There are 2 protein chains.
Amino acid sequence: MGAGGEVAERQAEAAAVRPIALIAGSGDLPLSIAQALRKRGRAVFVAAIEEEADRDYGDFPHVRARIGAPASIKQALVDQGCFEILIAGGFHRPKFSDIALNLDTFRVSLAAVMGLRFGGDDSLLTRLAGVIEAQGFRLVGPRDVVPEMFAEKGVLGNTRPSRRAREDIGLGTETLRKMGELDIGQALVVVGRRIVAVEAAEGTTAMIERCEALRASGRLRAAPPSGVMVKMPKPGQEERLDMPVIGPDTVRVAARAGLAGLAVEAGGVLVVDQATTTRLADEAGMFIVGFPAQ
Amino acid sequence: MGAGGEVAERQAEAAAVRPIALIAGSGDLPLSIAQALRKRGRAVFVAAIEEEADRDYGDFPHVRARIGAPASIKQALVDQGCFEILIAGGFHRPKFSDIALNLDTFRVSLAAVMGLRFGGDDSLLTRLAGVIEAQGFRLVGPRDVVPEMFAEKGVLGNTRPSRRAREDIGLGTETLRKMGELDIGQALVVVGRRIVAVEAAEGTTAMIERCEALRASGRLRAAPPSGVMVKMPKPGQEERLDMPVIGPDTVRVAARAGLAGLAVEAGGVLVVDQATTTRLADEAGMFIVGFPAQ
């Protein structure tokens, strides 16, 4: 082994014993990741961002942090001996004035990375990930540290998709793959072999809720339960910062919208709180299926 | 001239003096078409469909008609000497049970054609157009009888798109052209070179309203007015039954959503009530631009 290999090995060892810094935005995902890390025996230190993080991180070493004070976040992570940083959850897009170029602190990286997670600007995300690493940290994604949170191939839970649902899944996956190069969204809803909703900036939950409205207005007459929400990553998506997710909320809104189930790319979509997600789907008679990546 | 040419010529002459049958669904489009026909000196007979047509057709010879009584609609059109039929406006998708195959009356054609105008099933629309013609009528579209209602190339009204808006228009048209083969929608919204909303079954108005919600929630931070709604026909769209439209309502919701303007394919998108549409855009400081078809 050469000197470079030795250095890398020592770095990896060192990284594994240091707590992972989890920068937590809104929703269940950051909490679910913290729990998965603990289950693996991995230490975690949570920086719960004010006005974003909306779950209780009292079970974990944590600090409440303001997005406007990136230098103090950086200091906290240094004090805790963190080397790996994982950013998860929802963040509001900051005003342009927040994205000041100040490489001496975290200002550019955190404010901009967090803010820009909504939307398709993957090249910017990639560039900003580089800025974080230039600060002496390593940006990691769920695949690096909690790969078990990704959907597996096959049926999750007790309900299997019908033949009609499998046809909808086929059309949905085919269409999303063709849309991949267009840098729009990563999810759509197909009902009766017709694409009735496409996600862009509104997010998956809002897109599914639209189908409930379409049914109520008579624009979507297929009797519920019918239709499938299909979700996969975009090609080249910055997967440390913007992985597609489903979870309990997805199942709840899909059940209200009368969908027959959810189909996600195995290994490409995170399942938040898999136990609750599966239980809710079973109770609603909905399927959740992981289809193979192409 | 051969015998076939003579017959065709005589048919064309006969058609031009007979009133056009306008099957009117919801919204401003059917009324706007009736007014455009009158302006051209062309007679029109309106069959205003119950629970759909929501404008006052008292200025025109008309009948209120139930979608469930297609035989009586057919008889009224025969009594009026109609040969050409134009179907316009919004219709709710009928229940599957309404689409009974009964070729002796209009049952199959009207109920199914009208109901299926929501959504992308162009092959079905084309097939049903054939059924109408098999009944001895000719199905015509706006392009055949009121071509002046289509958007022209260039700027409509007093406001011109900025350089940033032109960039958004460029991305929007490019993306819609690539999406054409996917049979999804015919419109999207681009803000700051980012696609923030894509239309599927919900319709253009609902899609634009979503951008208002995105701005309110902070997911879309670009200061208004900014962003463009871009709309064009899908390739192979059955243009007698499903033409893309903008009109006063489109301008109203776009102004509320803080968009800078609307961009539509010249010759491919109908402008309902062009005078009001232009006036409202001028008052809101919004541009409306017709871009050339590729």
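Residues numbered from 1 in each chain as written. Chains lettered and ligands numbered in written order. Predicted model: local features only at pLDDT ≥ 70, side-chain atom pairs only at ≥ 80, totals over all residues. Heavy atoms only, no water.

## A closer look at the sheet that holds strand β3 (residues 62-65) of chain A
Residue and element names in this part refer to chain A.
For step 1, the next point in the chain: Spatially, the 5 strands line up as an open sheet ordered β3-β2-β1-β4-β5, and their pairing is parallel. Of all the strands in the sheet, the pair left with one neighbour each is β3 and β5 (138-139).
For step 2, the next point in the chain: Pairing of strand β4 (residues 84-88) with β5, which is carried by 2 bridges, proceeds in the parallel orientation. Counted as the bridge partner of I85 is L139 from β5. (Pairing = 2+ DSSP bridges. Helix = DSSP H or I, 4+ residues; strand = E, 2+ residues; numbered from the N terminus.)

## A word on helix α10 (residues 274-284) of chain A
For step 1, the next point in the chain: For α10(A), the complete set of buried residues consists of A:T276, A:T277, A:T278, A:L280 and A:A281.
For step 2, the next point in the chain: Against the buried residues of α10(A) lie β6 (154-156), α9 (248-256), β12 (270-271) and β13 (287-291) of chain A. (Buried < 20%, exposed > 50% of the residue type's maximum accessible area, 1.4 Å probe, protein only. Contact = heavy atoms within 4.5 Å.)

## Focus on the packing of α9(A) against α10(A)
Residues and elements named next belong to chain A.
For step 1, the next point in the chain: Look at α9 against α10: their axes get within 8 Å of each other, and the N-to-C directions meet at 15°. When the interaxial angle is binned, α9 and α10 end up roughly parallel. Note on packing geometry: the crossing formed by α9 with α10 is right-handed. Within the contact between the two elements, α9 uses P248, V251, R252 and A255 and α10 uses T276, T277, L280, A281 and A284.
For step 2, the next point in the chain: Taken together, the residues that form the contact of α9 with α10 break down as 6 nonpolar, 2 polar and 1 charged. (Axes fitted to C-alpha atoms, helices over the stretch in contact; angles between N-to-C directions. Parallel < 35°, antiparallel > 145°, perpendicular 65-115°, else oblique. Left-handed = near helix turned anticlockwise from the far one by under 90°. Nonpolar A, V, L, I, M, F, W, Y, C, P; charged D, E, K, R; others polar.)

## Some remarks on the packing of helix α8 (residues 204-216) of chain A against α9(A)
Residues and elements named next belong to chain A.
For step 1, the next point in the chain: Look at α8 against α9: their axes get within 8 Å of each other, and the N-to-C directions meet at 15°. Taken together, the axes of α8 and α9 are roughly parallel relative to one another. Where α8 crosses over α9, the handedness of that crossing is left-handed. Between α8 and α9, the contacting residues are T204, T205, I208, E209 and E212 on the first element and T250, V253, A254 and R256 on the second.
For step 2, the next point in the chain: Residue composition of the contact of α8 with α9, grouped by class: 3 nonpolar, 3 polar and 3 charged.

## Some points on the environment of B:A36
For step 1, the next point in the chain: Tracing the chain through its elements places B:A36 in helix α2 (residues 29-39).
For step 2, the next point in the chain: With residues near it in sequence (within four places) discarded, B:A36 still touches B:V146, B:E148 and B:M149.

## Overview of unusual backbone geometry
With glycine set apart, most residues show a phi of negative sign, and most peptide bonds adopt trans.
For step 1, the next point in the chain: In this chain, A:P224 is followed by A:P225 through a cis amide linkage whose omega measures -5°.
For step 2, the next point in the chain: Its location among the elements puts A:P225 in the loop between α8 and β9 (228-231).
For step 3, the next point in the chain: Even without being glycine, A:E51 reaches a positive phi, approximately 65°.
For step 4, the next point in the chain: Looking at the secondary structure, you find A:E51 in the loop between β2 (44-49) and β3.
For step 5, the next point in the chain: Taking the relative accessible area as the measure of exposure, A:E51 reaches 75% and is therefore exposed.
For step 6, the next point in the chain: Of note in this structure, B:D273 is not a glycine but carries a positive phi near 45°.
For step 7, the next point in the chain: By the element assignment, B:D273 lies in the loop between β12 (270-271) and α10 (274-284).

## What about helix α3 (residues 70-79) of chain B?
Residues and elements named next belong to chain B.
For step 1, the next point in the chain: P70, I73, A76 and L77 are the residues of α3 that are buried. Each buried residue of α3 lies within a common arc of 120° when the element is viewed along its axis, so the set occupies one face.
For step 2, the next point in the chain: G81 sits one or two positions beyond α3 and adopts a positive phi of about 75°. (Arc of directions from axis to C-beta.)

## Looking at the nonpolar core
For step 1, the next point in the chain: A:I184, A:L188, A:V198, B:I184, B:L188 and B:V198 are the most contacted members of the largest nonpolar core, which totals 40 residues.
For step 2, the next point in the chain: Sequence-distant contacts of A:L188, defined by excluding residues within four places in its chain, comprise A:G172, A:T175, A:L176, A:M179, A:I195, A:A197, A:V198, A:M207, A:V228, A:M229 and A:V230.
For step 3, the next point in the chain: The next biggest cluster of nonpolar side chains, apart from the first, holds 28 residues, and it includes A:A201, B:A151, B:I208 and B:V253. (Core = buried A, V, L, I, M, F, W, Y, C linked by side-chain atoms within 4.5 Å.)

## Points about the packing of aromatic side chains
For step 1, the next point in the chain: Enumeration according to the criterion identifies 0 aromatic pairs over all chains in this entry.
For step 2, the next point in the chain: The ring of A:F150 carries A:R143 above its face, with NZ or CZ at 4.4 Å from the centroid. (Phe/Tyr/Trp six-rings, centres within 6.5 Å; stacked < 30°, edge-to-face > 60°. Lys NZ or Arg CZ within 6 Å of the ring centre and 35° of its normal.)

## So, the pattern of salt bridges
For step 1, the next point in the chain: Scanning the entire structure with this criterion turns up 26 salt bridges over all chains.
For step 2, the next point in the chain: Measuring nitrogen to oxygen at the nearest pair gives 3.7 Å for the salt bridge that ties A:R64 to A:E50. Taken as a pair, A:R64 in strand β3 and A:E50 in the loop between β2 and β3 lie far apart in primary sequence, 14 residues in all.
For step 3, the next point in the chain: Since its relative accessible area comes to 33%, A:E50 is described here as partly exposed.
For step 4, the next point in the chain: Here B:D54 ties to B:R55 by a salt bridge, and the two come within 3.1 Å at their closest N and O atoms.
For step 5, the next point in the chain: Judged by relative accessible area, which is 42%, B:D54 ranks as partly exposed.
For step 6, the next point in the chain: What emerges from the salt-bridge pattern is a single network uniting A:E202, A:R210, B:E202 and B:R210. (Salt bridge = Lys/Arg side-chain N within 4 Å of Asp/Glu carboxyl O.)

## Examining the side chain of B:T204
Residues and elements named next belong to chain B.
For step 1, the next point in the chain: Here T204 lies in helix α8 (residues 204-216).
For step 2, the next point in the chain: The exposure class assigned to T204 is buried, which follows from its relative accessible area of 10%.
For step 3, the next point in the chain: Residues in contact with T204, not counting those within four places in the same chain, are A187, E199, M229, K231 and T250.

## Some points on the side chain of A:D168
Residues and elements named next belong to chain A.
For step 1, the next point in the chain: Examined against the element boundaries, D168 turns out to sit in helix α7 (residues 163-179).
For step 2, the next point in the chain: In this structure, D168 is buried with no salt-bridge partner, the nearest side chain bearing the opposite charge being R193 at 5.7 Å.
For step 3, the next point in the chain: Discounting chain neighbours no more than four positions away, the residues touching D168 are V190, V191, G192, R193, G227 and V228. (Lys, Arg positive; Asp, Glu negative; His and termini not counted.)

## Things to note about the pairing of strand β8 (residues 195-198) of chain B
One face of the sheet, then the other: side chains in a regular strand alternate in exactly this way.
Residues and elements named next belong to chain B.
For step 1, the next point in the chain: Of the strand pairs in this sheet, strand β7 (residues 187-190) and β8 are connected by 3 bridges, and their pairing is antiparallel. Considered in β8, the bridge of V190 is made with I195.
For step 2, the next point in the chain: Between β7 and the antiparallel strand that follows it, β8, lie 4 residues; G192 among them carries a positive phi value of about 60°.

## Considering the sheet that holds strand β13 (residues 287-291) of chain B
Residues and elements named next belong to chain B.
For step 1, the next point in the chain: Taking strand neighbours across the sheet as the criterion, the 6 strands line up as β6-β13-β11-β9-β7-β8 in an open arrangement whose pairing is mixed. Edge positions in the sheet fall to β6 (154-156) and β8, since each of these pairs with one other strand and no more. Taking the axes of each pair of neighbouring strands and ignoring which way they run, one obtains an average angle of 25° across the sheet.
For step 2, the next point in the chain: Sheet analysis places β6 next to β13, joined by 3 bridges and oriented antiparallel. In the sheet register, G154 faces β13, and the bridge partner there is G290.

## Points about the confidence of the model for chain A
All names here are of chain A.
For step 1, the next point in the chain: With 82% of its residues at a pLDDT of 70 or more, chain A has an overall mean of 85.
For step 2, the next point in the chain: Low pLDDT (under 50) marks residues 95-109, which in the prediction has 36 contacts with non-local residues, meaning those over four places away or in another chain.
For step 3, the next point in the chain: Scored below 50 in pLDDT, residues 111-121 makes 49 contacts in the model with residues more than four places away or belonging to other chains.
For step 4, the next point in the chain: Predicted complex metrics record ipTM = 0.82 and pTM = 0.85. (pLDDT = per-residue confidence, 0-100.)

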